[in-house]
Amino acid sequence: MRAEQYLAPETLAQLGPFEVRAKRIAEGVMSGMHRSPYQGLAVEFAEHRQYVAGDPVRHIDWKVFGRSDKLYLKRFQQETNLDVHLLVDASGSMRFGTLGLKEGWGGTRAGNVRWTKFDHATAAAAAMAFMALSQRDRVSVSMLGAGIGASTRCSNSQGHWRAVVQCLATHAVEGKADLGRSVDELLARTPHRAMVMIVSDFLMPVARVRDALARLRHRGHDVVLLRTLDRAELRFDLDEEAPFEGLEGEPTVEVDARAVREAYLQVLDEDERALERTVRGFGFDLVRLDTHDSVGPALAALLARRERMLAGGMR
Amino acid sequence: MIGFASPGLALAGALCVGLPVLVHLLLRRRRRPYEWAAMDLLREAIRRVERRRRLERWLLLAVRCLVVALAAGAIAGPFLGSVIAPERRARTLAVVVDDGAASNERLATGTALSVSVAAAKEMVEGLAPGDRVAIVRATRPADGAGEPASMDLSGAVRRLDALSSGETAGDLASAVASACAILAHPDGAGTVRELFVASALREGSVRAFPPLPVGRGDDEPVRVSVMTTPDAAGDNVRIASIRAERPAGAATDAAPVVKVVVERDRGDAAVTRTVRVLGPTLASPGERTVTLSPGERAREVTVPVVERSGGDAVRSASRAIIATIEPDAQPIDDARTAVLAATERVRAVIVDRRTFDGTGIDRLSQGDWIARALAPADPPAVDVVTVDPASFDARSCAAAELAVVTQPQLLSDAQWRVLSAFVERGGSCVVLPAARERVHAWTRAMRDVLGMPWQASVDAVELPAPAAIEAVRRESGTLSAIMAELPQLAGAVDVSRMLRLDVSPTDASVVLFAPGAGAVMSQWSPAGARGSVTLFTVAMDPSWTTIPLKPLMVPAWQEVAAEARRRAGSGQQATVGSFAMVDRPGITELRPVGIDGAPLAGGRAVPVGAGGRTVAPVDRSGAYEMADAQGESRGAFAVTVDPAACSVRPSDPGRAMSWLATVGTVGEPGTERDAGLGIASGSGPGMAIAGWMLAACLALAVLESVLARRFSHARPAASGPVHAAVRIAAGRAAA
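Residues numbered from 1 in each chain as written. Chains lettered and ligands numbered in written order. Predicted model: local features only at pLDDT ≥ 70, side-chain atom pairs only at ≥ 80, totals over all residues.

(A) Looking closely at the overall build of chain B. The number of helices and strands found in chain B is 16 helices and 35 strands. By residue count, 45% of the 735 residues in chain B fall in the buried class. Of the contacts made within chain B by residues no fewer than 6 positions apart, 77% connect residues no fewer than 24 positions apart. (Helix = DSSP H or I, 4+ residues; strand = E, 2+ residues; numbered from the N terminus. Buried ≥ 20, exposed ≤ 12 C-beta atoms within 10 Å, placed from the backbone. Contact = placed C-beta atoms within 7 Å.)

Given below as structure tokens:
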């Protein structure tokens, strides 16, 4: 498998000017570019504090003592690296796709001639992983199914991106997704506050998504939801009356596409609005990815928005 | 209460109501499933539209079933009410309407056709829903043959209203035969079968009484009724023929001679008519009054006409002329068109062997005598060419109007066939025995190839004493122009040797005969030929007869040449209702023209096929212009009505009734309708509602189209790859 199957050069070019930045404070173990909750001896000055008995003498700012005859300690903001956990939906509904496979767009399974939602999700996840690893953040990827099916360790070592892609490419896309259980398993193995990116079609009740996000919020994680949908799902441009079969074992239903289209689009719109309200309520980000569009522009817009938000917060 | 004339059809229609459901189920089986991910969203969308959608489906299905039911019901002949008695039997009525040429007769209440149509409509309107009717026209009896009668009674009335009299001969016998075939159709089994003849029964429509088809013994006899014959009012005089010719032997710029035969068709009183002859090349119309005395059948009048001088007259020398008399009971036979032949010399071919016996009068051959008789003047008006029998072929007579064979014993079979073809296309052939021959075996070829209807002896008979010649008095035909002088001319000649012909001297074919000896000159037209064959049983030789030496010789042969000219000119004439034959090559159509030679407004051109035959019968009399592929006029063509087909003389009613009685039981139309058809007393027919049902069916069909379009939620076709991709996804799912 080649890495460029998942990471098109144009995607990299579109993401190049940006950095993956955590909106919330991240607890890393190494020095990095993200704010850490720990203040100490790092290089970036944070504030002065009056000396109290027991404080280490080496942190006293002797220049201030010379000017004011008072003892103050220098405090520094410690910067840390970011842990990025990618949670990619590998349920049966992600097998849907109507776009013909294009050169350089990759594909997860041999013999697949359609660019599926899962293909699009893995492309987005691979791009984000590459971005994070390139700024020496640690990355892990987990496959979202009935639980966490497969995952990689969280690392920023050389060659880890290849392991991430390997994990994405070899996992079966089937069954139903249980977001709550998968999030619980992820939280169990994530002691520090980190960034969690969930790539899924979120074709599930919004209440379940809300429960999962609440647990992540409670643990202080920064969460980004990448909702991946096929254009046929977004437009429902069908003209026939035919039986429709679900990809996750749902019973077949007779549908007159033309008669149902209007109602379907209305239901989809309501679902999107409810999901967006939920996500915004937690202060998280939601991005919709269309499988017929390149992942680059959507991800670039996400990163740019976050950078603007962080820059405003700093000031 | 609603009933059906054909309950079987109604039942079948009721079963057809299931067709829309069946079509829906069959189409449903053929659908291939789609794979879809967002099933929860889809189910929610379906739940929202399900109630409305179900209502739409049921409504559409109900409308479709109703459309089918109404259509089937309308076909099954529905009627409202229960007034038809159960014992009533349906009727099948075949109406024969006489719309032939004779139906143009003027009666006190209109034309004969309008009276016939009124009677026919009365019969049809007396039918009840469920009864069947067929209309058979006397001019086109084959149109309805083989087809069953229809239950569309109003359609039959419309067809009757649309009928119009033509000039085509009516064939009532064939029409009655076609009507019998319609009544014998299996669809009419079990019904009361009736034949109604709506005709004035004039001789023009019923000229012959051929055998009619007789019903099978086990069938109920057909009830035959005939329209009340209208009274014949007024005389009918017609123009039986018009001959426009230039006298043979006359100068090329001589004035044409127009001879018109006025004939009495109906009536016996003295009648006077004014014959007017009109034509585009005539300087002024010619007029001549003719009176038929009581009992006089026909009279020929010569109308003097003067042609315009100058280029126009020469160029249009073959234009048509028309002769008219005052309109009477039958207007369409009061005018007749003929072609005024061009001023051309007659070309005669004499098939004779030259001898070199000298030039004395006693040395002249038979051909020499005839050549001198045909061309006595200088310059000659008849071009005479002598051809040796050995070299006689089709090219020899290609440009000739007259062929005279004086050495028939020398002709081969092929040469006889050449003569037959020559006669067939309008040529005149005269055959005489060779003077010096004793055995005349060629008479067999005359019978076999030229269709001579009699036997001729092989040996010439020497008469014990010379026999004088007498002429048969005829109003028309060869020698009729010299009929006044003929007794004197013929009485001066005698016959001493001749061939025996087994034909009576009173036969219509005989022109000259020797009392006690037999026919001297006989004439006939072979079947299908436009020309004629004349047989002299004597050779034009003094050893056989004194004709060559007497004054009869020249006028007799000039008349033979004139007859040849007339025959050749008859190629530009046809009868209404027939396929016209045009003997000139390159003619593509016949264009109707007025008497002034200008195109007739509203006239329909008749295309001419490659063989010179029109592709359709000519259905209108009058003058036509022969046009070639470039549209150039190539001469005139006359189409005339058949005088016999126009005859309005009442036919023998007793004979007509006994003739019609061969197909069934003849009765009065009124009594048949009321008493014999099993309609219960005090009951009337139910009200037909097929029309209303059809209208409702159409309205519902329109509603169905609107609803189907609305309920289909149609919108502009999706563009781009998405739609196609989902279809492919569906295909993958099916695989």
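(B) Here's a closer look at helix α8 (residues 366-374) of chain B. Along α8(B), eight of the nine residues are buried, which leaves the element largely enclosed by surrounding structure. When we look at burial in α8(B), the residues that qualify are Gln366(B), Gly367(B), Asp368(B), Trp369(B), Ile370(B), Ala371(B), Ala373(B) and Leu374(B).

(C) How the structure looks around the sheet that holds strand β4 (residues 91-97) of chain B. Residues and elements named next belong to chain B. The strand order across the open sheet built from five strands is β7-β4-β8-β9-β34, with neighbouring strands paired in parallel fashion. This sheet does not close on itself; its edge strands, each paired only once, are β7 (132-137) and β34 (664-667). Direction aside, the axes of adjacent strands within the sheet are offset by 20° on average. Here four bridges tie strand β8 (residues 192-198) to strand β9 (residues 222-226), and the two strands are oriented parallel to one another. Bridging across to β9, valine 197 finds its partner in valine 226. Along the sheet, helix α6 (residues 172-183) contacts β4, β7, β8 and β9; its crossing angle with β4, the most-contacted strand, is approximately 165°. (Pairing = 2+ DSSP bridges. Axes fitted to C-alpha atoms, helices over the stretch in contact; angles between N-to-C directions.)

(D) Up close: the interface of chain A and chain B. Taken together, the 33 residues of chain A in the interface contact 29 residues of chain B. Every element with two or more residues in the side of chain A that touches chain B is listed here: β5 (99-100), α7 (231-235), β11 (241-246), β12 (253-256) and α8 (257-281) of chain A. Here the side of chain A that touches chain B gets eight residues from one element, more than from any other, and that element is α8(A). For the side of chain A that touches chain B, the class distribution of residues is 17 nonpolar, five polar and eleven charged. (Nonpolar A, V, L, I, M, F, W, Y, C, P; charged D, E, K, R; others polar.)

(E) The arrangement of the packing of helix α5 (residues 179-188) of chain A against helix α6 (residues 206-218) of chain A in detail. All names here are of chain A. One can describe the packing of α5 onto α6 by two numbers: an axis separation of 8 Å at closest approach and a directional angle of 10°. As far as their axial angle goes, α6 and α5 are roughly parallel. Here α5 contributes Leu179, Gly180, Val183, Asp184 and Leu187 to the contact with α6, which in turn contributes Arg208, Val209, Asp211, Ala212, Arg215 and Leu216. Along the lines of polarity and charge, the residues of the contact of α5 with α6 split into six nonpolar, one polar and four charged. (Parallel < 35°, antiparallel > 145°, perpendicular 65-115°, else oblique.)

(F) How the structure looks around unusual backbone geometry. With a phi angle near 60°, Asp69(A) is a residue other than glycine that sits in the positive phi range. On the basis of neighbour count, Asp69(A) is assigned to the exposed category, with 7 C-beta atoms found within 10 Å.

(G) Structural detail: the sheet that holds strand β14 (residues 286-292) of chain B. Residues and elements named next belong to chain B. The sheet built from four strands is open, its strands ordered β14-β12-β17-β18 with antiparallel pairing. Of all the strands in the sheet, the pair left with one neighbour each is β14 and β18 (335-339). Recorded for the sheet is a direction-independent mean angle of 20° between the axes of neighbouring strands. Taken together, the seven bridges between strand β12 (residues 271-278) and β14 define a ladder with antiparallel strand orientation. Note that in β14 the partner of threonine 272 across the bridge is threonine 291.

(H) View of the pairing of strand β10 (residues 222-229) of chain A. Residues and elements named next belong to chain A. Most of β10 sits inside the fold, with eight of its eight residues counted as buried. Of the two faces of β10, the one holding Asp222, Val224, Leu226 and Thr228 and the one holding Val223, Leu225, Arg227 and Leu229 are both buried throughout. Bridge count for strand β9 (residues 195-200) against β10 is six bridges, and the pairing is parallel. Within the sheet, the bridge partner assigned to methionine 197 lies in β10 and is valine 224. In terms of handedness, the path from β9 via α6 over to β10 forms a crossover that is right-handed. Sheet topology note: the β10/strand β13 (residues 285-290) ladder contains six bridges and is parallel. Pairing of leucine 225 across the sheet is with leucine 286, part of β13. (Right-handed = clockwise from strand over helix to strand, strands pointing away.)

By themselves, these observations are geometric and do not establish any function.
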